[in-house]
Amino acid sequence: MDTGTEAHTWGALHNGVMDWQVRPVAVEDADAIAAIYAPIVERTTISFEVAAPTARDFVRRIEALVPRYPWLVARDGDRVVGYAYAGPHRERASYRWSTDLSVYVDASARRRGVARTLYRSLLRILELQGFYRAFAGITLPNDASVELHRALGFERVGIYRDVGFKFGAWRDTA
């Protein structure tokens, strides 16, 4: 799968120093993506998945979505420290100009602006592709994610009460 990783890279500055690069995903990033996501699935309610996907699962997800929706990774040196992607909002054709977004950052790289930089890049690409609306679901409580989305211009449109069951309890999403 050719994702054009050489042709398109974005950098992020932190105190005037390049901390990481943001670029389109490559299939070779699947191992790192799986490693970032696994503890989120296994130890938190942030994701409603109950079994962590394997790297091969991520390769299939990337290959299925990248023809229409962007996936980005943030790298700190040679290490992937975060990823963000877009996907369909709903399946019916009238939703084709709306998209759902997700972003995940390795625990060692949180609170450094990685998620914000990934989302800004992702939103710009989606705008250039002609998408009209972007949505994100947040399991509550998750103050960091709520604040990230608010800072990027998202607004709360509602709460699904008791929509997911994980770790023995019903969970709300905003």
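Residues numbered from 1 in each chain as written. Predicted model: local features only at pLDDT ≥ 70, side-chain atom pairs only at ≥ 80, totals over all residues. Heavy atoms only, no water.

(A) Expanded view of the packing of helix α1 (residues 30-43) against helix α2 (residues 55-65). Interhelical geometry of α1 versus α2 gives an angle of 110 degrees and a closest axis separation of 8 Å. One element, α1, and the other, α2, form an angle in the roughly perpendicular class. Considering how the two elements wind past one another, α1 and α2 form a crossing that is right-handed. Contacts between α1 and α2 involve A30, D31, I33, A34 and Y37 from the former and A55, F58, V59, R61 and I62 from the latter. Of the residues belonging to the contact of α1 with α2, the class tally is eight nonpolar, no polar and two charged. (Axes fitted to C-alpha atoms, helices over the stretch in contact; angles between N-to-C directions. Helix = DSSP H or I, 4+ residues; strand = E, 2+ residues; numbered from the N terminus. Parallel < 35°, antiparallel > 145°, perpendicular 65-115°, else oblique. Left-handed = near helix turned anticlockwise from the far one by under 90°. Contact = heavy atoms within 4.5 Å. Nonpolar A, V, L, I, M, F, W, Y, C, P; charged D, E, K, R; others polar.)

(B) Just helix α4 (residues 143-151), in detail. All of the buried residues along α4 are S145, V146, L148 and H149. All buried residues of α4 fall inside an arc of 160 degrees around its axis, so they share one side. Next to the buried residues of α4 lie β5 (98-105), α3 (114-128) and β7 (139-140). Of the residues one or two after α4, G153 is the one with positive phi, at around 95 degrees. (Buried < 20%, exposed > 50% of the residue type's maximum accessible area, 1.4 Å probe, protein only. Arc of directions from axis to C-beta.)

(C) Structural context of the environment of H149. Structurally, H149 can be placed in helix α4. If we ignore the near neighbours within four places in the chain, the residues touching H149 are Y119, A136, I138 and F154.

(D) Representation of a nonpolar patch on the surface. Where nonpolar side chains cluster on the molecular surface, the patch consists of F48, Y160 and V163 and spans about 300 Å² of accessible area. Turning to its location among the elements, Y160 is positioned in strand β8 (residues 160-166). (Patch = residues over 30% accessible without salt bridge, like charges linked within 9 Å, V, L, I, M, F, W, Y side chains within 5 Å. Areas by Shrake-Rupley, 256 points an atom, 1.4 Å probe, with all protein chains shown as cover. Salt bridge = Lys/Arg side-chain N within 4 Å of Asp/Glu carboxyl O.)

(E) Geometry of the environment of T117. Summarising the element assignment, T117 is placed in helix α3. C-alpha separation for the pair T117 and Q21, spaced 96 residues apart in sequence, amounts to 9.5 Å. Within polar-contact distance, the side chain of T117 engages the backbone oxygen of G113 at 2.9 Å. (Polar contact = N/O pair within 3.5 Å; in protein donor to acceptor, adjacent residues only side chain to side chain.)

(F) Layout of the pairing of strand β3 (residues 71-76). The buried count for β3 comes to five of six residues, which makes it a mostly enclosed element. Pairing of β3 with strand β4 (residues 79-88) involves six bridges; the strand directions are antiparallel. Across the sheet, the residue bridging to R75 is V80, located in β4. The antiparallel hairpin formed by β3 and β4 contains two residues in its connecting segment, where G77 sits at a positive phi of about 70 degrees. (Pairing = 2+ DSSP bridges.)

(G) Representation of the pattern of salt bridges in the model. Per the counting criterion, the structure on display carries nine salt bridges. Between R79 and D106 there is a salt bridge whose closest N-O contact spans 3.4 Å. Pair noted here: R79 is in strand β4 and D106 is in the loop between β5 and α3, with a separation of 27 residues, a long-range link. Relative accessible area serves as the criterion here: at 39%, R79 is assigned to the partly exposed category. Among the ionic contacts, a cluster of salt bridges with common partners joins R23, D29 and R75.

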